[in-house]
Amino acid sequence: MPESERIMGLSKYIVSLPGTTFSVASMVVLSFILGCIVSAIQPSAHHSALYNVVYGGAAGFLIFGLTSIMSGAVTQPMINSLEGRHMKMKQSMFLSLLSMLIVGFVYLIGSLISSFSIYSYTIDALVYGCVIIFAIRILVLWGTSNINFFKSLPAAATQPTLIISMVIVIVSLTSITTNIGYFSILALLIKIIIASLILVVAIYSFVVIIESPMKRNLGVGGLELLSLFLAHVTEGSNALEGLFEDMGEPIDTLIGITAFKGKDGLKAIFLSPSVHPGPVGNIGGGNMPTILANTFDTFTMVSHGPSTHDFNPVSTKEVYKIEAVVKNALKTMKYSNKASKFFRVQSGNAKIGAQFFDNNLVLLATMAPVGFDDMDFGVGLAIINLAKARTNVDNVVLVECHNAFQGDGGRILPGNKEVFELMDATEKLQKPDDQHSLKVGIANDPMEDVSKEEGVGESGVKAMIIDVDNQKTGYILLDSNNMVIGFRERIIKHLKELGLDEAEIMTSDTHFVNALSGGHNPVGRKSQDIILQKVVECTRNAMKDLEDVTVACELSKIKDLKTLGPTHATELVTTISSIVAVSKIFAPLIFIIAFLSAFIWIFYWAL
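Think of each chain on its own: its residues are numbered from 1, step by step along the sequence as written. Only residues with pLDDT of at least 70 get local features here, since the model is predicted, and only at 80 or more are side-chain atom pairs given and counted; chain-wide, interface and lining totals rely on the full set of residues. The side-chain figures draw on all heavy atoms in the structure; neither hydrogens nor water molecules are used.

Engineer: Just checking my understanding: could you explain the pairing of strand S5 (residues 350-357) for this structure?
Structural biologist: On a regular strand, one side chain projects to one face of the sheet and the next to the other, so that they alternate. Exposure is judged per residue with a 1.4 Å probe applied to protein chains only, and the accessible area is read against the type maximum: over 50% gives exposed, under 20% gives buried, and values in between give partly exposed. Secondary structure elements are taken from DSSP: a helix is a run of H or I of four residues or more, a strand is a run of E of two residues or more, and numbering for both begins at the N terminus. Most of S5 is tucked away: 8 of the 8 residues are buried. What you see with S5 is no split at all: Ala350, Ile352, Ala354 and Phe356 on one side and Lys351, Gly353, Gln355 and Phe357 on the other are buried throughout. Paired strands, in this sense, are two strands between which DSSP finds at least two bridges. Pairing of strand S4 (residues 343-347) with S5, which is carried by 5 bridges, proceeds in the antiparallel orientation. Across the sheet, valine 345 pairs through a bridge with isoleucine 352, a residue of S5. The hairpin turn running from S4 into S5, its antiparallel successor, is 2 residues long, and glycine 348 in that turn takes a positive phi close to 65 degrees. As defined by bridge partners, S5 adjoins strand S6 (residues 360-366) across 7 bridges and the pair is classed as antiparallel. Bridge pairing links alanine 354 to leucine 363 in S6. Here S5 folds back onto S6 in antiparallel fashion, the turn holding 2 residues, of which aspartate 358 has a positive phi close to 55 degrees.

Shown next, in the form of structure tokens:
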């Protein structure tokens, strides 16, 4: 499995958190139940079982539930006041709930062991549990909030401090010897401080060691990257773009432009930018197909040109550089009313749909139904140059249809056999002797009732029908990140039943739809029948819109587009992959030693 695919797989651990009400209610109920269970394990000799259960439940709520709720309420404003990543109350309360469950479980085990022993381990178990959650809270708050390590300590200490303080208050105010028992406050504090120091040193050492490769290679901390990514996922923040801008490098690339003019002026624009719509969500060019299309007043289709994640724009503002190039090109493009019929050439698994527009050529490349993913820019450039030399045209607009999902393993890179299949297919291109006038019809359905979780982005589906000498060809574009294998063929079958002679189904490769679980979300996994119905209806509407048009094409250069670049994109993936690999070995080792040392100190060494 490629390194980038392994890293994307880590996103399955990112889950949606329950609301504040759920966490608070859970803390109330579970803490009361915990107190009842512990009271039942160690019943008092002086009171009835019912009294012990009631008293135990109340004590459990006060010690664990109330203090955890208070901690959740206090932690959120503490973190937000430090101007790190904004923390929501539901996140703070869920952290308190998780911490309460951990310390409650350790306390329960200590009480259970104490019931079979002449020595009471309950207070030691409580201290150990508080030390554990202190360490966990440091890791979570420091790692996700983008704040200084030492600033995270007070917020991390709120819950264990409140729990211990409540225990001291209850034991001091009650005349009854509880299951916790009496203890020396001084000895208790010494236990807590030393054990906490052990874990603090372990955590700090661990993070410094695993962060050093990223800081050395990319000049950015791993925790900063994590916190900014979480800010994007949970809040829609684009702060991660600032980090990418520092890492980015300028490139020159190409964009294929095909424009159609009707009776009322410019009717449609068909774009194929060799710029990758990534990395994710709204970050960088993640939603580029929609953002770019919306910059034009005219119906605009933004397909996927040959490009990989190396060509991800570092920020949304870079997309507007593409807009400027297109608008400048539109001012000088020369229009013609000539077009050839659509035809295909094939070699091996490579299929290329081709259509000439006067002395220009549009190519739609696919390997479907064999799975494939991004086509490297160098491969695309080689195909463009070969097609230009083979047909002697002025411009070649190449689209990588992105319509058969295989994953990162399906990328078309220099040296792959798919490259030679595509080149061999390109060699078969021949310019027809005759061309004809053309008609174009367009339609768009944003598919607002189909969510991005179902694989469809904000632009929905766009259909363009090109009619040349009574041959109707459908250019169908779904705003999606690739397509389930076989779905393309199913759509084409239904479109031909409408009366189309030819059709190609493309996806924009938008990363706006990326699912958190596993990082991939090709269209067709969910709601396939609904999406098919929408595509068919949109195509039908486009067929009703046919009118005589003229057409122009141009292959324009985009200069100084700031992207992650081949160097930093590879470095980022490789560095994260190495950190994950090292952490799998180093983390268990250092934390087992630290937790074992704290355990020995609390239960055996301390007085």
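Engineer: Teacher, can you tell me more about the environment of aspartate 560 here?
Structural biologist: Structurally, the position occupied by aspartate 560 is in strand S12 (residues 547-563). Sequence separation between aspartate 560 and isoleucine 251 is 309 residues, and the spatial gap between their C-alpha atoms is 5.1 Å. The residues touching aspartate 560, leaving out its near neighbours within four places in the chain, are Pro250, Ile251, Asp252, Glu318 and Lys321. Any two residues having at least one pair of non-hydrogen atoms within 4.5 Å are treated as being in contact.

Engineer: Honestly, the side chain of threonine 67 in this entry has me stumped. Any pointers?
Structural biologist: Examined against the element boundaries, threonine 67 turns out to sit in helix H3 (residues 49-81). Distance and chemistry together define a polar contact, namely a pair of N or O atoms within 3.5 Å, with one atom able to donate a hydrogen and the other to accept it when in protein, and with adjacent residues in sequence counting only for side-chain atoms on both sides. There is a polar contact of 2.5 Å between the side chain of threonine 67 and the backbone oxygen of isoleucine 63. Apart from residues lying up to four places away in sequence, threonine 67 is in contact with Leu62, Leu162, Ile163 and Met166.

Note that every value here comes from positions in space, so none of it alone points to a role or purpose.
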